[in-house]
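Next come the chains, spelled out residue by residue.
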Amino acid sequence: MVFEGKEMFGLIYAVIALIVIVLLSRKGRFSKKIGYFFLTTSAAMGFLVWAPMLPWQFQSLLLGNSKQFPQPVMALVLLMFVVATFVFGRVFCGYICPIGTLQELLYKLPVKKLRISSRRIPIIIHFGVLIAFVVLATVFSIGLLKEIGLRDFYFLSLTASFGLVFTAFMVASIFVYRPFCRFACPYGAVLSLVATKSRFKMRQNDDCINCKKPKCVAACPTNEALDMHSKQECYLCYQCATACPTKAIEYKRT
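Since this is a predicted model, take the numbers as computed values, not measurements.

Some points on the overall build of the chain
Check the secondary structure of the chain and you find 14 helices and 2 strands. Expected size for 254 residues packed as a compact globule is a radius of gyration near 18 Å; at 18 Å, the chain falls within 12% of this value. Referenced to the eigenvectors of the C-alpha coordinate spread, the extents of the chain come out at roughly 55 × 35 × 30 Å. The buried share among the 254 residues of the chain stands at 49%. When contacts within the chain are restricted to residue pairs at least 6 apart in sequence, those whose partners lie at least 24 apart make up 77%. Here the chain displays about 12400 Å² of accessible surface, and carbon together with sulfur accounts for 69% of that area. One finds the centroid of the 29 positive side-chain charges in the chain at a distance of 6 Å from the centroid of its 11 negative side-chain charges.

Brief notes about the packing of helix H4 (residues 71-88) against helix H12 (residues 186-195)
Packed helices, taken two at a time, are described by their axes: the angle between them and the distance between them. It is at 8 Å that the axes of H4 and H12 come closest, and there the two elements cross at 35°. H12 is crossed by H4, and the crossing has right-handed handedness. Across the interface between the two elements, Leu78, Phe81, Val82, Thr85 and Phe86 from H4 touch Tyr187, Val190, Leu191, Val194 and Ala195 from H12. Taken together, the residues that form the contact of H4 with H12 break down as 9 nonpolar, 1 polar and no charged.

Section: helix H6 (residues 98-107)
Burial of H6 is extensive: 8 of the 10 residues sit out of reach of the surface. Among the residues making up H6, those that are buried are Pro98, Ile99, Gly100, Thr101, Leu102, Gln103, Glu104 and Tyr107.

So, the pairing of strand E1 (residues 200-204)
In terms of burial, E1 is a largely internal element, 5 of the 5 residues being buried. Residues of E1 alternate between two faces, with Phe200, Met202 and Gln204 on one and Lys201 and Arg203 on the opposite face, all of them buried.

Here's the deal with the packing of helix H7 (residues 120-140) against H12
Relative to each other, H7 and H12 sit at 125°, their axes nearing to 9 Å. What the angle tells us is that H7 and H12 run oblique. Crossing angle aside, the handedness with which H7 passes H12 is left-handed. Across from His126, Phe127, Leu130 and Phe133 in H7, the residues of H12 making contact are Pro186, Gly188, Ala189, Val190, Ser192 and Leu193. Residues that form the contact of H7 with H12 fall into these classes: 7 nonpolar, 3 polar and no charged.

A closer look at the environment of Tyr13
Relative to the assigned elements, Tyr13 resides in helix H1 (residues 4-26). Classification of Tyr13 as buried rests on a relative accessible area of 13%. Linking Tyr13 and Ser42, residues 29 residues apart in sequence, is a C-alpha distance of 8.9 Å. Not counting the four nearest positions on each side in its chain, Tyr13 is found in contact with Phe38, Thr41, Ser42, Met45, Pro52, Tyr95 and Ile96.

Rules behind the numbers
Residues numbered from 1 in each chain as written. Predicted model: local features only at pLDDT ≥ 70, side-chain atom pairs only at ≥ 80, totals over all residues. Heavy atoms only, no water. Helix = DSSP H or I, 4+ residues; strand = E, 2+ residues; numbered from the N terminus. Rg over C-alpha atoms; globule rule 2.2 N^0.38 Å. Buried < 20%, exposed > 50% of the residue type's maximum accessible area, 1.4 Å probe, protein only. Contact = heavy atoms within 4.5 Å. Areas by Shrake-Rupley, 256 points an atom, 1.4 Å probe, with all protein chains shown as cover. Lys, Arg positive; Asp, Glu negative; His and termini not counted. Charge placed at Lys NZ, Arg CZ, Asp CG, Glu CD. Axes fitted to C-alpha atoms, helices over the stretch in contact; angles between N-to-C directions. Left-handed = near helix turned anticlockwise from the far one by under 90°. Nonpolar A, V, L, I, M, F, W, Y, C, P; charged D, E, K, R; others polar. Parallel < 35°, antiparallel > 145°, perpendicular 65-115°, else oblique.

Printed below as a string of C-alpha cells:
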C-alpha cells in the first residue's frame, strides 16, 4: 500500500480538475493559460505521485492485482469517469490524465507535424489493441501497459526491458497528435466509445458561416471539428474554436 496516499491525492485532484474545467468551459471562461496550467500540472502528477493513472488502474482491475484500492473501489472510480465522459466529453483524457497531457504538451513543440487524415484507421487499430489488452490480461495474466514500459517511463527506469516502447510513443507525440491516446490506451478506447454519446461537446453555433474551406477542420488534429462528427476523439483542445473566424464554436450541450 505504498502509493495509497498518493493515489488518493491523485483521485481528489482529478475530481476537482474535472469540475473546474467543466464549469469554466460552460461559462466560456476556459482560456489557453488555464489549459496550459492543467496540462502541465497533470503531466507533472504522473512523475511526482504516479497518479491519476486510470489506464494503469484499468489494467490492475482486469489483472486483479490492484495494490492501491480494493477492486470494487477501483471499479467504481473507473466507472465514475466513464459516466463523467458520457456527460461532459473527454475532459479526463484532455486535461487530467498524465499520459495524455504530456503528449499534448510535446505536440506543441514547434516542429513539422504528421497529420493522419483517416478517422477510421486509428479507431480500428485502437479497438484491436483494446481487445488484445483484455485477452492478455484476463486469459494470460499479462499486463500490456507494464510490458511496454509505461510505469518504467514515469519512474525514469528507461533501461528496463521494453521500456523504450512507451518512450517511443512519447517521442512520436512530438510529430503525431497523441499517438498513445489514439492508438493504444485501453481505457481511452472505452472512453472514446462513450464520448460519441456525450451530452456536452464542441459544437457550431448560429454564428457559423459554413466556410468553403473550414478553418476549424484544418486546425483539428483528430478530424473531429464538424457537428456531423461523433467527437469520440475530441480532446477539447479548443484548436477548432481558436481557428474559427467568427468564434462560432463553443462547448455546449448537444
